[in-house]
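Geometric and topological summary
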Amino acid sequence: MASITGSSSLMASLSCNKLTQTLTRAYNFNVVSVAVSGKSFPSLKLSSAPSRFRVSCAATPETVDKVCSIVRKQLALPEDSAVTGESKFASLGADSLDTVEIVMGLEEEFGISVEEESAQTIATVQDAADLIEKLISKN
Amino acid sequence: MATPSRTEIISLFRSLLRSARQFPDYNIREYTKRRTIDSFRHNKTLSDPSSIAAAFSDGQSQLQVARRQSVVYSLYAPKIKSIMDVKP
């Protein structure tokens, strides 16, 4: 069985009869491991890029934290409530008016300007953080 | 006009909040924001199409007022900013 972490992977093949070659890809696509039946090789790194474990979305944790704090303040949630990147606004008790107010608050906080269509599609905290990052990097 | 759709109402809300930002005067800015939020929440539960349409056209005329007035106020913006605008 194979278990893959961000930086290394160990392969043990299942069949003993024929040559099985299993290629698996890690999150960051720069670690490829090859295992031959009967033996298990240590992972071969095909590229020399640093294999940090990277979150696959574009937003930094600080941005996500700021978005979470603005959401908490707008919806009057207690400090220890669970607001993560995956929380949907609707599940936190926000209606569409609240969502508009949150987007306004984010515009003021980050000094960006969100268009109408992009604002309609924001449903989770992570969406908002990604959009913010994209707009900040475009400026 | 016919009953406004949900998107139009949200878009009106957003336009009103954006127009509030153009005011140089802190008090008017805050009042515009507060008043739009309060009135939209108050009318959130309306179900009768004619009253929804009436509230919507009301909001549209208020938006025109806010846009005109923000231009006029900007012409004579005070040089000394309100204390609330100065970040600590």
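Residues numbered from 1 in each chain as written. Chains lettered and ligands numbered in written order. Predicted model: local features only at pLDDT ≥ 70, side-chain atom pairs only at ≥ 80, totals over all residues. Heavy atoms only, no water.

What follows deals with the nonpolar core. Of all hydrophobic cores here, the largest spans 25 residues; its most connected members are Val67(A), Val71(A), Phe89(A), Leu106(A), Val114(A) and Val125(A). Mapped onto this core, the elements with two or more residues apiece are helix H1 (61-75), helix H2 (96-110) and helix H4 (125-138) of chain A. Judged by nonpolar contacts, the second largest core, of 12 residues, contains Leu97(A), Phe13(B), Leu17(B) and Ile37(B). (Core = buried A, V, L, I, M, F, W, Y, C linked by side-chain atoms within 4.5 Å. Buried < 20%, exposed > 50% of the residue type's maximum accessible area, 1.4 Å probe, protein only. Helix = DSSP H or I, 4+ residues; strand = E, 2+ residues; numbered from the N terminus.)

Our focus in this paragraph is a nonpolar patch on the surface. Residue and element names in this part refer to chain B. The grouping of Val72, Leu75 and Tyr76 at the surface amounts to a nonpolar patch, some 380 Å² of accessible area in total. With respect to the helices, strands and loops of the structure, Tyr76 is situated in the segment after helix H3 (49-75). The class for Tyr76 is exposed, based on a relative accessible area of 69%. (Patch = residues over 30% accessible without salt bridge, like charges linked within 9 Å, V, L, I, M, F, W, Y side chains within 5 Å. Areas by Shrake-Rupley, 256 points an atom, 1.4 Å probe, with all protein chains shown as cover. Salt bridge = Lys/Arg side-chain N within 4 Å of Asp/Glu carboxyl O.)

Over the atoms, a rolled probe matching the size of one water molecule traces out where space is still vacant. Volume-wise, the largest pocket comes out at about 850 Å³. Residue lining of the largest pocket: 30 residues in total, with Thr36(B), Ser39(B), Phe40(B), Asn43(B) and Gly59(B) positioned closest to the centre. Of all elements in the fold, only H2 of chain A together with helix H1 (6-21), helix H2 (26-42) and H3 of chain B reach the threshold of two or more residues within the lining of the largest pocket. If you tally residues by element for the lining of the largest pocket, the top one is H3(B), at 9 residues. Here the residues of the lining of the largest pocket are counted per class, giving 16 nonpolar, 9 polar and 5 charged. Looking at the second largest pocket, its volume works out to about 470 Å³. Lining the second largest pocket are 14 residues, and of these Gln74(A), Glu101(A), Gly105(A), Glu108(A) and Lys33(B) sit closest to its centre. (1 Å grid on protein atoms, 1.4 Å probe; cavity = no way out; pocket = protein on both sides within 12 Å on 5 of 7 lines; lining within 4 Å. Points joined across faces, edges and corners; volume = space filled by probe spheres on them. Nonpolar A, V, L, I, M, F, W, Y, C, P; charged D, E, K, R; others polar.)

Residue and element names in this part refer to chain A. Residue position: Gln126 is located in helix H4. Gln126 gets classed as buried once you look at its relative accessible area, which sits at 12%. Taking the C-alpha atoms as reference points, Gln126 and Gly85, 41 residues apart in sequence, are found 4.6 Å from one another.

Attention now moves to the confidence of the model for chain A. Regions with low pLDDT carry predicted coordinates that are not meant to be interpreted in detail. Confidence in the prediction for chain A averages 68 pLDDT; 58% of positions are at 70 or higher. In the predicted structure, residues 1-38 of chain A sits below a pLDDT of 50 and forms 68 contacts with residues beyond four places in sequence or in another chain. (pLDDT = per-residue confidence, 0-100. Contact = heavy atoms within 4.5 Å.)

This paragraph deals with empty space enclosed by the protein. Residues and elements named next belong to chain A. Enumeration according to the criterion identifies 1 cavity of 30 Å³ or more in this entry. Of the volumes computed, that of the largest cavity is approximately 40 Å³. Considering the residues around the largest cavity, the lining is formed by Val103, Leu106, Ile112, Val114, Ile122, Ala128, Leu131, Ile132 and Leu135. Among the elements of the structure, H2 and H4 are those that each provide at least two residues to the lining of the largest cavity.

This part is about the interface of chain B and chain A. If you look at the interface, chain B gives 14 residues, while chain A gives 15 residues. In terms of surface lost to chain A, no three residues of chain B exceed Arg14(B), Arg21(B) and Arg41(B), which account for 41% of the buried area on that side. Joining chain B to chain A, the criterion identifies 8 salt bridges. Between Glu116(A) and Arg14(B) there is a salt bridge, with its nearest N and O atoms 3.3 Å apart. Our enumeration of links across chain B and chain A arrives at 8 residue pairs in polar contact (both at pLDDT 80 or more). Residue assignment for the side of chain B that touches chain A shows that the elements contributing at least two residues are H1 and H2 of chain B. Ranked by residues supplied to the side of chain B that touches chain A, first place goes to H1(B) with 9 residues. (Buried area = accessible area lost by both parts, 1.4 Å probe. Polar contact = N/O pair within 3.5 Å; in protein donor to acceptor, adjacent residues only side chain to side chain.)

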